[in-house]
Amino acid sequence: MAPLELTLIVAATRQMGIGLNGTMPWTGLRKEMAYFRRVTTRTHASSGSPLNAVIMGRKTWDSIPSQFRPLKDRLNIVITRSAPAQPPRDVLATEPVRVSTLDQALAYARGHDIARVFVIGGAQIYDMAAQKAKRVLLTRIERDFECDTFFPIKLEGTQSAGWAKKSRDDLRAWTGEDVEEDGQVENDTKYHFEMWEREE
Ligand code: FOL
């Protein structure tokens, strides 16, 4: 069995800002959110597993509108200090799995026939996962928003501190998404979809 690779998925400003006052700094990037939903949900035939996992911190869980959580068609794992001593054996459709550490989250995913594992934030969880991550799916928001929370990995140019930006073809092959070369505009906000991988 291939070990699970960890992929971080994030939308961030040029300053790597990701949040403000417990929510996202922008509103109305609906197509960006739809990309997030498709990419984190889509499984690939080669994996043989029916479901991906999304790992998040408790504050990110709280930030998701209640009608959208748990994020559907994905195993939701929440890292929280108030996790039960034993994670449940059966996953309820209405509740996320609560664990205390990132390692417990990964162990849980390993034990449950999961195809891909995405870390979806926030800053504290990205911090913990950065060392272990193989890939970052970054949506680079090309507009300045006030932010009080930041993504911990600096990704600039085409190579950055042990990370390399992959081509649009590579992004398509991995995500199944055919993205616009020149980025897209929504609500007066321009952004680009990027994929970065750790250099061997
Ligand atoms: N990564 C990217 N690229 N964009 C994001 O907005 C993003 N957001 C988070 C983590 N990584 C991201 C964390 N915040 C929902 C809300 C907030 C959130 C993550 C997800 C949410 O409601 N998701 C629904 C979308 C429903 C819709 O299409 O509007 C989902 O099913 O994924």
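Look up: the structure comes first, before these words.
Residues numbered from 1 in each chain as written. Predicted model: local features only at pLDDT ≥ 70, side-chain atom pairs only at ≥ 80, totals over all residues. Heavy atoms only, no water.

Brief notes about the overall build of the protein
Scanning the protein for helices and strands turns up 5 helices and 12 strands. Its C-alpha radius of gyration of 16 Å places the protein within 12% of the 16 Å reference for a compact globule of 200 residues. A burial count over the protein gives 48% of its 200 residues as buried. A separation threshold of at least 6 residues defines the contact pool for the protein, and within that pool the share at least 24 residues apart is 69%. Carbon and sulfur atoms make up 47% of the accessible area of the protein, which totals about 10900 Å². The positive charge centre, built from 28 side chains, and the negative charge centre, built from 27, are 4 Å apart in the protein. (Helix = DSSP H or I, 4+ residues; strand = E, 2+ residues; numbered from the N terminus. Rg over C-alpha atoms; globule rule 2.2 N^0.38 Å. Buried < 20%, exposed > 50% of the residue type's maximum accessible area, 1.4 Å probe, protein only. Contact = heavy atoms within 4.5 Å. Areas by Shrake-Rupley, 256 points an atom, 1.4 Å probe, with all protein chains shown as cover. Lys, Arg positive; Asp, Glu negative; His and termini not counted. Charge placed at Lys NZ, Arg CZ, Asp CG, Glu CD.)

Some details on the site of the ligand
The environment of the ligand is made up of 17 residues, and the closest members are Ile9, Glu32, Arg37, Arg74 and Ile120. Taking arginine 37, its side chain carries an N or O atom lying 3.3 Å from an oxygen atom of the ligand. In the complex, 88% of the free accessible area of the ligand, which totals 660 Å², lies under the protein chains. Here the shell around the ligand is composed, by residue class, of 12 nonpolar, 2 polar and 3 charged. (Near = heavy atom within 4 Å. Polar contact = N/O pair within 3.5 Å; in protein donor to acceptor, adjacent residues only side chain to side chain. Nonpolar A, V, L, I, M, F, W, Y, C, P; charged D, E, K, R; others polar.)

Some remarks on the nonpolar core
In this structure, Leu8, Ile55, Ile77, Val136, Phe151 and Leu155 are the most contacted members of the largest nonpolar core, which totals 34 residues. Sorting the residues of this core by element identifies β1 (6-13), β3 (51-57), β4 (74-79), β5 (97-99), α3 (102-110), β6 (114-119), α4 (123-130) and β7 (135-141) as the ones contributing at least two each. Setting aside its immediate chain neighbours within four residues, isoleucine 55 contacts Ile77, Ile79, Leu102, Ala105, Leu106, Val117, Phe118, Val119, Ile120 and Gly121. Membership of the second largest hydrophobic core comes to 25 residues, among which are Ile9, Ile64, Leu71 and Ile141. (Core = buried A, V, L, I, M, F, W, Y, C linked by side-chain atoms within 4.5 Å.)

Here's the deal with the packing of aromatic side chains
Using the criterion set out here, one finds 5 aromatic pairs in the structure. Centroid distance tyrosine 35 to phenylalanine 193: 3.8 Å. Interplanar angle 20°. Geometry classified as stacked. Of this pair, tyrosine 35 sits in helix α1 (residues 30-41) while phenylalanine 193 sits in strand β12 (residues 189-198), and the two are 158 residues apart along the sequence. For tyrosine 35, a relative accessible area of 2% gives the class buried. Between tyrosine 191 and phenylalanine 193 the ring centres are 5.5 Å apart and the planes differ by 75°, which places this aromatic pair in the edge-to-face class. Classification of tyrosine 191 as buried rests on a relative accessible area of 0%. Of the residues examined, phenylalanine 193 reaches a relative accessible area of 14% and is grouped as buried. Over the ring of tryptophan 174 we find arginine 116; its NZ or CZ atom is 3.7 Å from the centre of that ring. (Phe/Tyr/Trp six-rings, centres within 6.5 Å; stacked < 30°, edge-to-face > 60°. Lys NZ or Arg CZ within 6 Å of the ring centre and 35° of its normal.)

Thoughts on the pairing of β3
The element β3 is largely enclosed, with a buried count of 6 among its 7 residues. Where β3 and β6 come together, 4 bridges link them in parallel fashion. In the sheet register, valine 54 faces β6, and the bridge partner there is phenylalanine 118. Across 6 bridges, the pairing between β3 and β4 is parallel. Its bridge partner lying in β4, methionine 56 is registered against valine 78. In this view, the connection linking β3 to its parallel neighbour β4 by way of helix α2 (residues 58-63) has right-handed handedness. (Pairing = 2+ DSSP bridges. Right-handed = clockwise from strand over helix to strand, strands pointing away.)

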